[in-house]
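Breakdown of the fold
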Amino acid sequence: MGSRSHEESPWLLENGNPKVLTKDMRHGRTAHNMSSSSLRKKSELTVISKVPYGFLRNFLANLQEVFLGTKLFILFPSIPLAIIAHCFGFARPWVFALSLLGLTVLAERVSFMTEQVACYTGPTVGGLLNATCGNATELIIAIFALSNNKIAVVKYSLLGSVLSNLLLVLGTSLLCGGIANLRQEQKYDRRQADVNSLMLLLALLCHMLPLLFRYGSGSPAVVAQASLNVSRAASLVMLCAYCAYIAFQLWTHRQLFEAQVDNDDEGQNDSEEAVIGFWSGIGWLVGMTAIIALLSEYVVQTIEDASNSWGLSVSFISIILLAIVGNAAEHAGAVIFAFKNKLDITLGVALGSATQISMFVVPVCVIVGWILGIKMDLNFNLLETGSLALAIIVTAFTLQDGTSHYMKGLVLLLCYIVIGACFFVQTTPSDQLNDEVNNVMLKPATDAVFRA
């Protein structure tokens, strides 16, 4: 059926030949791909097929697949509205809110484009593309905030992404999946969860050592510099570990991370074909990345104004709101697959994204800060690091037996609510955040001077 439609409409792809997703490519799809695909919808190309000019038909078909091929298409107007609001000097909280909504749909579309490109490059290169672009939005926001010396926003936003994946997404998925499947036992492959838990524990160790340096004995000046040096060395170790994790995931033990495919889905996927050409996909990826960078700059510039206008602390907006809205598409997909009792996909989304942020995005930010001469370290302060530690430990205990029920999801969700309430009542003024983070390692030295 799919091949016949392309014989009638060969203009759908630039090369004229539809690219079918083979069995090897299909089984190489990650949980992130499967989760994002749950929010896509098939575009009707009947009207466009009547356009007389081939180039124009191809261009319009690409536009329809990109803009109308997602259930989140209603959010696309927020992108030009955010740009207009910024250019014409509208209230900055509006710019912040519209930019966040635009980033939500762009994140889902980037995942779609990486999967389209993977149809031409094969499962291995496609997996590498997904590993690189899976959390591109968080990485771009963090780099823009870092370049503006807003280290607190960087740390808060990355911490929020990890906490939301481990507690909010996984908790909501297990809760809803458990309620929807009360009469059957929900099982998943423990081996994938064990690998991700080990990676998260390694990331936690790298976060805790700089924090312990702060409370350790010795010369304050020496401790401050040692904490920064340990953070940079640990970041290099984390990147090496992440490279090994990618090799483990894509080559040596790929079967542990392959997305579940039912018989019904197998038949549906047999006819799955690329709807965007290779070079069109590359072009759309570049263009969307540029727009994500623009909206990320708007978010970084206006987050403190939104904080003052809404009466919410920057920490709460960065850790809670930014993480929830920015990853809404991916999170919704994880919950949908939990309803279908496909917990391996749900775990792949939640744990995989948390691992990627902890072991790739965070150390990259430290290295970029090192290059820019900015003292970005892995010391996220006591409250933040403690929240991260508890989230990782609770999640690891929750997933240790290979089965699930709604109580596990409820406990994870309640943990997230308590942590969110903690940052909600935190009242650190936004104009003091950067001073607090930039000077956090110098506080012992200052206190020693005053004691003297």
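Presented here is a report on the structure given in the accompanying data block. Remember, predicted model here, so these are calculated numbers, not experimental data.

Within the largest apolar cluster, 105 residues are counted, with the highest numbers of intra-cluster contacts made by Val154, Leu158, Leu166, Leu170 and Cys365. Element by element, the count of residues in this core is highest for helix H9 (residues 151-180), at 16 residues. Setting aside residues up to four positions removed in sequence, Leu158 forms contacts with Glu138, Ala142, Ile357, Val361, Val362 and Cys365.

This model, assessed by the stated rule, comprises seven salt bridges. Across the salt bridge formed by Asp194 and Arg190, the nearest N and O atoms sit 3.7 Å from each other. Of this pair, Asp194 and Arg190 both sit in helix H10 (residues 190-214), four residues apart, which is roughly one turn of the helix.

On to the side chain of Glu384, then. Locating Glu384 in the fold gives a position in helix H17 (residues 382-398). Among the residues examined, Glu384 registers a relative accessible area of 3% and is labelled buried. Side-chain polar atoms of Glu384 contact the side chain of Tyr156, separated by 3.4 Å. Those residues in contact with Glu384 that lie beyond four places of it in its chain are Tyr156, Leu159, Phe423 and Gln426.

With that out of the way, let us pick up helix H6 (residues 92-121). Over its 30 residues, H6 extends 42 Å from the first C-alpha to the last, a length consistent with the 44 Å expected when each residue adds 1.5 Å. With 23 of 30 residues buried, H6 lies mostly within the body of the structure.

Before going further, it helps to spend a moment on the environment of Phe397. Within the secondary structure layout, Phe397 lies in helix H17. Between the C-alpha atoms of Phe397 and Ser197, which are 200 residues apart in sequence, the distance is 9.7 Å.

What follows covers the packing of aromatic side chains. The full count for this structure, using the stated rule, is five aromatic pairs. For the ring pair Phe96 and Trp310, a centre distance of 5.7 Å and an interplane angle of 65° mean the geometry is edge-to-face. Here Phe96, found in helix H6, pairs with Trp310, found in helix H13 (residues 278-310); they are 214 residues apart in sequence, far enough to count as distant. For Phe96, a relative accessible area of 1% translates into the label buried. Residues Tyr242 and Tyr245 carry aromatic rings whose centres are separated by 5.9 Å and whose planes lie at 35° to one another, so their mutual orientation is tilted. Here Tyr242 pairs with Tyr245, and both are found in helix H11 (residues 220-252), just three residues apart, close to one helical turn. The burial state of Tyr242 is the same as that of Tyr245; both residues are buried. Ring pairs connect the aromatic residues Tyr242, Tyr245 and Phe360, which therefore count as one cluster. Just above the ring of Phe337 sits the side chain of Lys340; from NZ or CZ to the centre is 5.3 Å.

The rules we used
- Residues numbered from 1 in each chain as written.
- Predicted model: local features only at pLDDT ≥ 70, side-chain atom pairs only at ≥ 80, totals over all residues.
- Heavy atoms only, no water.
- Core = buried A, V, L, I, M, F, W, Y, C linked by side-chain atoms within 4.5 Å.
- Buried < 20%, exposed > 50% of the residue type's maximum accessible area, 1.4 Å probe, protein only.
- Helix = DSSP H or I, 4+ residues; strand = E, 2+ residues; numbered from the N terminus.
- Contact = heavy atoms within 4.5 Å.
- Salt bridge = Lys/Arg side-chain N within 4 Å of Asp/Glu carboxyl O.
- Polar contact = N/O pair within 3.5 Å; in protein donor to acceptor, adjacent residues only side chain to side chain.
- Expected span 1.5 Å × (residues − 1).
- Phe/Tyr/Trp six-rings, centres within 6.5 Å; stacked < 30°, edge-to-face > 60°.
- Lys NZ or Arg CZ within 6 Å of the ring centre and 35° of its normal.

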